[in-house]
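Here's the letter readout for the chains.
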Amino acid sequence: WLLVKDARCEEIATDASSGWGLGAHWGAKLWAQQHLREYKGEDIYLSELRAIAQALQLWGEELQGYNVAIMCDNSTAVSMLLKGAGDRQAWPLLR
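Residues numbered from 1 in each chain as written. Predicted model: local features only at pLDDT ≥ 70, side-chain atom pairs only at ≥ 80, totals over all residues. Heavy atoms only, no water.

Asks: I keep staring at the sheet that holds strand β1 (residues 9–16) and nothing clicks. Help me out?
Replies: Backbone hydrogen bonds are what pair the strands of a sheet, in a parallel or an antiparallel way. If you walk across this open sheet you meet the 4 strands as β3-β2-β1-β4, and the pairing is mixed. The sheet is open, and its two borders are formed by β3 (29–34) and β4 (67–71), each paired with just one other strand. Ignoring strand direction, the axes of neighbouring strands in this sheet form an average angle of 15°. Bridge count for β1 against strand β2 (residues 21–26) is 4 bridges, and the pairing is antiparallel. (Pairing = 2+ DSSP bridges. Helix = DSSP H or I, 4+ residues; strand = E, 2+ residues; numbered from the N terminus. Axes fitted to C-alpha atoms, helices over the stretch in contact; angles between N-to-C directions.)

Okay, structure coming up:
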């Protein structure tokens, strides 16, 4: 989902799978990790939100001053991000 793109916009693509793990891509930078034991089997929208949160934590300082477009293929995660609201499990990831 891309809402607005301008010259000061950086795009980060994130993704998660229910079986292996999660990751992100920004320019030439890649990050991926296997699911931690406590997150295996969680709903996929939570894994997708976790990928976004971890990518922003990882690259947040470098992205200061930019608009950031997050590419996410999970409509539930996108809806929660756009509304700034979600269920009890999602709240820690939406902050």
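What follows picks up the thread again.
Asks: Could you clarify how one ought to interpret the side chain of His35 in this entry?
Replies: Relative to the elements of secondary structure, His35 occurs in the loop between β3 and α1 (44–59). A distance of 2.6 Å separates the side chain of His35 from the backbone oxygen of Ser17, its partner in a polar contact. (Polar contact = N/O pair within 3.5 Å; in protein donor to acceptor, adjacent residues only side chain to side chain.)

Asks: Whenever I open this one, the packing of aromatic side chains confuses me. Can you help?
Replies: Here the distance between the centres and the angle between the planes together describe a pair of aromatic rings. If you walk through the whole model with that rule in mind, you get 1 aromatic pair. When the centroid spacing of 5.7 Å and the interplanar angle of 50° are considered together, the rings of Trp26 and Trp59 count as tilted. Within this pair, whereas Trp26 is found in strand β2, its partner Trp59 is found in helix α1, the two being separated by 33 residues in sequence. Both residues of the pair, Trp26 and Trp59, belong to the buried class. (Phe/Tyr/Trp six-rings, centres within 6.5 Å; stacked < 30°, edge-to-face > 60°. Buried < 20%, exposed > 50% of the residue type's maximum accessible area, 1.4 Å probe, protein only.)

Asks: What is the right way to read the side chain of Glu42 from this model?
Replies: Looking at where Glu42 falls in the secondary structure, it is placed in the loop between β3 and α1. Polar contacts involving the side chain of Glu42 include one to the side chain of Ser47, which spans 3.0 Å. Beyond its immediate chain neighbours, meaning those up to four positions away, Glu42 contacts Ser47 and Arg50. (Contact = heavy atoms within 4.5 Å.)

Asks: What exactly am I supposed to notice about the packing of α1 against helix α2 (residues 75–83) here?
Replies: Each pair of packed helices can be described by the angle between their axes along with the distance between the axes. Viewed as axis vectors pointing N to C, α1 and α2 meet at an angle of 55°, and their least axial separation amounts to 8 Å. Between α1 and α2, the interaxial angle falls into the category oblique. α1 and α2 meet at a crossing whose hand is right-handed. For the pair α1 and α2, the contacting residues are Tyr45, Glu48, Leu49 and Ile52 in the first and Thr76, Ala77, Met80 and Leu81 in the second. Of the residues that constitute the contact of α1 with α2, the class distribution is 6 nonpolar, 1 polar and 1 charged. (Parallel < 35°, antiparallel > 145°, perpendicular 65-115°, else oblique. Left-handed = near helix turned anticlockwise from the far one by under 90°. Nonpolar A, V, L, I, M, F, W, Y, C, P; charged D, E, K, R; others polar.)

So yeah, pure geometry; function would need other evidence.
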